[in-house]
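# Commentary on secondary and tertiary structure
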Amino acid sequence: MIDERDRIIIEMLTKDARTPFTEIAKVLGISETAVRKRVKALEEAGIIKGYTVKVDPAKLGYSLVSITGVDTRPEKIFEVANKLKEFDFVKELYLTSGDHMIMAEIWAKDGEDLADIISNKIGKIDGVVKVCPAIILEKLK
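Along each chain, residue indices are assigned from 1 in the same order as the chain's sequence is written. Totals for whole chains, interfaces and linings use all residues, but because this is a predicted model, local features are given only for residues with pLDDT of at least 70 and pairs of side-chain atoms are given and counted only at 80 or more. Only hydrogens and water are set aside when side-chain values are computed; all heavy atoms of the structure are taken into account.

In the nomenclature of an unreviewed UniProt entry, the chain corresponds to Transcriptional regulator, AsnC family from the organism Thermococcus paralvinellae.

Right, dumping it as structure tokens:
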């Protein structure tokens with residue numbers, strides 16, 4: 001079980017994965033070694049799965065980010081999902097129980113690029129029956 005100190009460690013690392021263990025130790029009033037041991041235990045338990053870098057898609061030339069719903073024939077859902085995982089323009093991919101069977105975060109250079117992705121790449125995967133992009137206008141959180 002995790003305790004309040006573990007929760008604070010997780011919160012601090014979620015905000016900034018590069019937070020020095022010495023800084024976390026000061027906040028918690030424990031040693032850096034104790035923080036290191038706690039982080040290692042959280043990693044070994046699978047609670048902390050990894051560390052990532054957040055990038056700004058626009059600064060890499062992707063002016064459109066779309067959360068795209070993909071509906072498939074039921075027997076093709078896993079086949080379609082595996083195919084979507086192969087595309088570099090798909091940055092996140094989820095199986096869902098909501099309005100769409102699959103949700104994908106797609107980065108596109110512009111509207112023409114997004115249209116090409118939807119029509120000529122996703123739309124042509126065997127089993128896809130509907131593609132519903134929702135362009136992100138502004139990220140709030």
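That was the structure; now back to the text.
### Considering the overall build of the chain
Definition in use: Segments assigned H or I by DSSP are reported as helices when at least four residues long, segments assigned E as strands when at least two residues long, and all are numbered from the N terminus. All radius of gyration figures rest on C-alpha atoms, and the globule criterion is 2.2 Å times the number of residues raised to 0.38. Only protein chains enter the accessibility calculation, which uses a 1.4 Å probe. A residue is then buried if its area is under 20% of the maximum for its type, exposed if over 50%, and partly exposed in between. Residue contacts follow a heavy-atom distance rule, with two residues in contact if any of their heavy atoms lie within 4.5 Å. Each accessible area value is a Shrake-Rupley result obtained with a 1.4 Å probe; residue values ignore everything except the protein chains displayed when judging cover.
Summing up its helical and strand segments, the chain has 5 helices and 4 strands in all. Beginning at the N terminus, the succession of helices and strands in the chain can be written as α-α-α-β-α-β-β-α-β. A globule of 141 residues ought to have a C-alpha radius of gyration of about 14 Å, yet the chain, at 20 Å, is considerably larger. With the C-alpha coordinates of the chain rotated into their principal frame, the extents come out at 55 × 35 × 25 Å. The buried share among the 141 residues of the chain stands at 32%. Sequence-distant contacts in the chain: of pairs separated by 6 or more residues, those separated by 24 or more amount to 60%. Accessible area of the chain: about 9,800 Å², with a carbon and sulfur share of 53%.

### Side note on the nonpolar core
Formally: For this analysis, a nonpolar core means a set of buried residues of the types Ala, Val, Leu, Ile, Met, Phe, Trp, Tyr and Cys, connected via side-chain atoms within 4.5 Å.
Within the largest apolar cluster, 19 residues are counted, with the highest numbers of intra-cluster contacts made by Val70, Val80, Leu84, Phe89, Ile102, Ile106 and Ile122. Listed in part, the 12 residues of the second largest apolar core include Leu13, Ile24, Leu28 and Ile48.

### Things to note about the pattern of salt bridges
Let me state the cut-off plainly: Definition used for salt bridges: Asp or Glu carboxyl oxygen within 4 Å of a side-chain nitrogen of Lys or Arg.
Tallied over the entire structure, the rule returns 10 salt bridges. The closest approach of N and O atoms between Glu32 and Arg36, which form a salt bridge, is 2.7 Å. Residue Glu32 and its partner Arg36 are located together in helix H3 (residues 32-44), separated by 4 residues, close to a single helical turn. The class for Arg36 is partly exposed, based on a relative accessible area of 44%. A salt bridge links Lys76 to Glu79; the shortest N-O distance between them is 3.2 Å. Assessed through its relative accessible area of 15%, Lys76 is described here as buried.

### A word on the packing of aromatic side chains
The cut-off we apply is this: Here a Phe, Tyr or Trp ring, Trp counted by its six-membered ring, pairs with any other such ring whose centre lies within 6.5 Å, and the pair is stacked when the planes are under 30 degrees apart, edge-to-face when over 60, and tilted otherwise. Sitting over a ring, as applied to charges here, requires NZ of Lys or CZ of Arg to be within 6 Å of the ring centre and within 35 degrees of the ring normal.
The tally for this structure, following the rule as stated, stands at 2 aromatic pairs. Summarising the aromatic geometry, the rings of Tyr62 and Trp107 are spaced 5.6 Å apart at their centres and angled 50° between planes, so their arrangement reads as tilted. Linking Tyr62 in the loop between H3 and strand S1 (64-72) with Trp107 in strand S3 (residues 102-108), this pair joins segments that are 45 residues apart in sequence. On the basis of relative accessibility, which here comes to 10%, the residue Trp107 falls in the buried class. Here Phe87 and Phe89 contribute two aromatic rings whose centre-to-centre distance is 4.7 Å and whose plane-to-plane angle is 20°, an arrangement assigned as stacked. Note that Lys91 overlies the ring of Tyr62, its terminal NZ or CZ placed 5.8 Å from the centroid. Lys109 extends its terminal NZ or CZ atom over the ring of Tyr62, reaching a point 4.3 Å from the ring centre.

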